[in-house]
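Per-entry structural report
Spelled out, the chains give:
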Amino acid sequence: MNFIDQMIEKAIADKKTIVLPEGTDPRVVTAAAEVVKRKIANVILLGKEEEIRKAADGADLSGIKIIDPENTDLHDDYSNTFYEMRKAKGMTPEKASETMKDATYFGVMLVKKGVADGMVSGACHSTANTLRPALQIIRTAPDAKMVSAFFLINVPNCEYGENGTFIFADSGLNINPSADELSEIAIASAKTFRSLVGAEPKVAMLSFSTKGSGKDALVDKVVEATKLAKEKAPDLLLDGELQADAALVPAVAASKAPGSKVAGHANVLIFPDLNVGNIGYKLVERLAKAEAYGPILQGIAKPVNDLSRGCKAEDIVGVVAITAVQAQCK
Ligand SMILES: CC(C)(COP(=O)(O)OP(=O)(O)OC[C@H]1O[C@@H](n2cnc3c(N)ncnc32)[C@H](O)[C@@H]1OP(=O)(O)O)[C@@H](O)C(=O)NCCC(=O)NCCS
Ligand SMILES: CC(=O)OP(=O)(O)O
C-alpha cells in the first residue's frame, strides 16, 4: 500500500474533524465532498453557503458543516480570545473583531477552541498568509523549539529513499535558517518520518559540497548544522554535508562519501534554505511526476497545514488525511 493510502486508512480508523477555510474554491469543495464520502474525516467548510454551493457545481455536500465567519454566533467569543492573546502586541478589540471575519484566522481559531481537530488551507492563499495566523494563535508545541514545514514526496517507480517516499524540509516556512535552526529542522523531520512513514529515517544535510569538496560560508552553515544535529541526536542516522546525488545514489556515495551510513540511502532531505527547498520540491513534483503533500507543519501545538496554490483536489484529500492522522497523535 502506498503512503497516502496508509494515511487514509489510519484517518478512517479514528475519524477527526478538519476545517477547510477556502470553501469557495472548487478544488477544495471537490476534495471536501470526497473526504466525507470516503469517511476520511468530518469536514467544516467556511464561507457563505450560497457561494459554496455555486463552487460545488452540483457536487453532493451532504454531511458537510458550513460556517460563515462573517455571520456566526462564535464571532464575539473568538474575537475576544484573539484580542486577549494579542493585546500585548498592540491588538485592539476593533481589529480583533475585523480579523476574526477572515476565514483563515477564523479556521485557526476553530482548531484552537477544539471545534475542529485540524485545518488545511492555502489552495488560494499564499503560505505567509496561511501560516501567520497559525503561528500567532496555535503556536509552537511545548516539546519543540520552532515550527518548520516539510513536503511528503512520493516519487513513482523510484529506487531511492524509502521506495520513492521522502521528507523534504524545510520547503515552506523558514526562509534562511541558522545552523542551529537547521539542526532542529533535521531532528524534527527525522522524528516525523519515523512516525508518519513508519521507517528508519536516514537524514542528509544537503549542500553543493560533499565532505569538503566545496568551500564557502554557505557550506560552513551546513557543516555546522550537521555537527550540532549529531551532538543533539547522537543515535540518529544523519550525515552531511552531502550533494543530492551522494545522498541518494549508492554508486555516487561510494566515491564521494565512502563509509557514510546515510549517503546513498537518504530518505529525509534537509535543504540549506527555502530557495532550494521550495524550488527542489517543485522540480521533483513537476519533472518526476511525484505526489507532493504539504507544506505540512511540524513542531506546532495542533495540526494546521498548508497547500500550494498549484494543488489539485486529490492533493487536498491527501493533506486532509495526513492532518487527521497528526490530530490522532495530539
Ligand atoms: C510565515 C512567515 C510569514 C512568518 O514570518 P514572520 O515575519 O515571523 O511573521 P510574523 O512576525 O507576523 O510572525 C508571526 C508569529 O509567528 C512566530 N514565528 C515565525 N516563524 C516561526 C517559526 N518558524 N516557529 C515558531 N514561531 C514562528 C513569530 O515569532 C510571531 O510570533 P508573535 O507575533 O507572537 O511575536 C514567514 O516565515 C514567511 O514568509 N515564510 C516563507 C513563506 C513562503 O513564502 N513560503 C514559500 C511557499 S511554500
Ligand atoms: C508551497 C508553495 O510553494 O506554495 P505556493 O505554490 O502557493 O506558493
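Keep in mind that this is a model prediction, so the values were computed, not measured. (Residues numbered from 1 in each chain as written. Chains lettered and ligands numbered in written order. Predicted model: local features only at pLDDT ≥ 70, side-chain atom pairs only at ≥ 80, totals over all residues. Heavy atoms only, no water.)

Some points on the pairing of strand β5 (residues 148–154)
Counting buried residues in β5 gives seven out of seven residues, a clear majority hidden from the surface. The pairing of β5 with strand β10 (residues 291–298) spans six bridges and is classified as antiparallel. The partner of asparagine 154 across the bridge, within β10, is glutamate 291. The pairing of β5 with strand β6 (residues 165–169) spans five bridges and is classified as antiparallel. Bridge pairing in β6 places isoleucine 153 opposite phenylalanine 166. (Buried < 20%, exposed > 50% of the residue type's maximum accessible area, 1.4 Å probe, protein only. Helix = DSSP H or I, 4+ residues; strand = E, 2+ residues; numbered from the N terminus. Pairing = 2+ DSSP bridges.)

Thoughts on the site of ligand 2
Neighbouring residues of ligand 2: Thr127, Phe151, Asn278, Tyr281, Lys282, Pro295, Ser308 and Arg309. Interatomic distance of 3.0 Å between a side-chain N/O atom of asparagine 278 and an oxygen atom of ligand 2. Between ligand 2 and lysine 282 there is a distance of 2.8 Å, counted from an oxygen atom to a side-chain nitrogen or oxygen. Considering ligand 2 on its own, with 260 Å² of exposed area, one finds that the protein chains cover 87% of that surface. (Near = heavy atom within 4 Å. Polar contact = N/O pair within 3.5 Å; in protein donor to acceptor, adjacent residues only side chain to side chain. Areas by Shrake-Rupley, 256 points an atom, 1.4 Å probe, with all protein chains shown as cover.)

Points about the pattern of salt bridges
Evaluation of the coordinates by the stated rule reveals 20 salt bridges. A salt bridge links arginine 27 to aspartate 25, with the shortest nitrogen-to-oxygen separation between them at 2.8 Å. Ionic pairing is found between lysine 227 and glutamate 231, a salt bridge with its closest N-O pair at 3.7 Å. Taken as a pair, lysine 227 and glutamate 231 lie in helix α9 (residues 217–232) at a separation of four residues, close to a single helical turn. (Salt bridge = Lys/Arg side-chain N within 4 Å of Asp/Glu carboxyl O.)

Concerning the side chain of asparagine 305
Mapped onto the secondary structure, asparagine 305 falls in strand β11 (residues 304–305). At 2.8 Å, the side chain of asparagine 305 forms a polar contact with the backbone nitrogen of leucine 297. Here the side chain of asparagine 305 touches threonine 323 through a polar contact of 3.0 Å, side chain to side chain. Look past the residues within four positions of asparagine 305 in its chain and what remains in contact with it is Met119, Val120, Ser121, Pro295, Ile296, Leu297, Val319, Thr323 and Gln326. (Contact = heavy atoms within 4.5 Å.)

Things to note about helix α2 (residues 26–37)
Note that an α-helix has 3.6 residues per turn; residues three or four places apart therefore point the same way. For α2, built from twelve residues, the straight-helix expectation of 16 Å at 1.5 Å per residue is met to within 8% by its first-to-last C-alpha distance of 16 Å. The set of residues buried in α2 consists of Val28, Val29, Ala31, Ala32, Ala33, Val35 and Val36. Among the structural elements, β1 (17–20), β2 (42–46), α3 (49–56) and α13 (313–328) are those in contact with the buried residues of α2. (Expected span 1.5 Å × (residues − 1).)

Re the UniProt feature "domain: Phosphate acetyl/butaryl transferase" (unreviewed entry) in the protein chain
Mapped onto this numbering, the UniProt entry gives "domain: Phosphate acetyl/butaryl transferase" (unreviewed entry) at residues 3–324. Secondary structure across residues 3–324 divides into 45% helix and 16% strand, with the first and last C-alpha atoms of the span separated by 14 Å. (UniProt positions renumbered as here; feature names shortened; annotations may be inferred.)

Some thoughts on the site of ligand 1
Around ligand 1, the surrounding shell holds 19 residues, and the nearest of these are Arg86, Lys89, Gly172, Leu173 and Asn174. Protein chains shield 65% of the accessible area of ligand 1, which is 940 Å² for the free molecule. Within the residue set of the shell around ligand 1, elements represented by two or more residues are α7 (127–137) and α12 (274–287). In terms of residue count, the dominant contributor to the shell around ligand 1 is α7 (five residues). In terms of residue class, the shell around ligand 1 is built from eight nonpolar, seven polar and four charged. (Nonpolar A, V, L, I, M, F, W, Y, C, P; charged D, E, K, R; others polar.)

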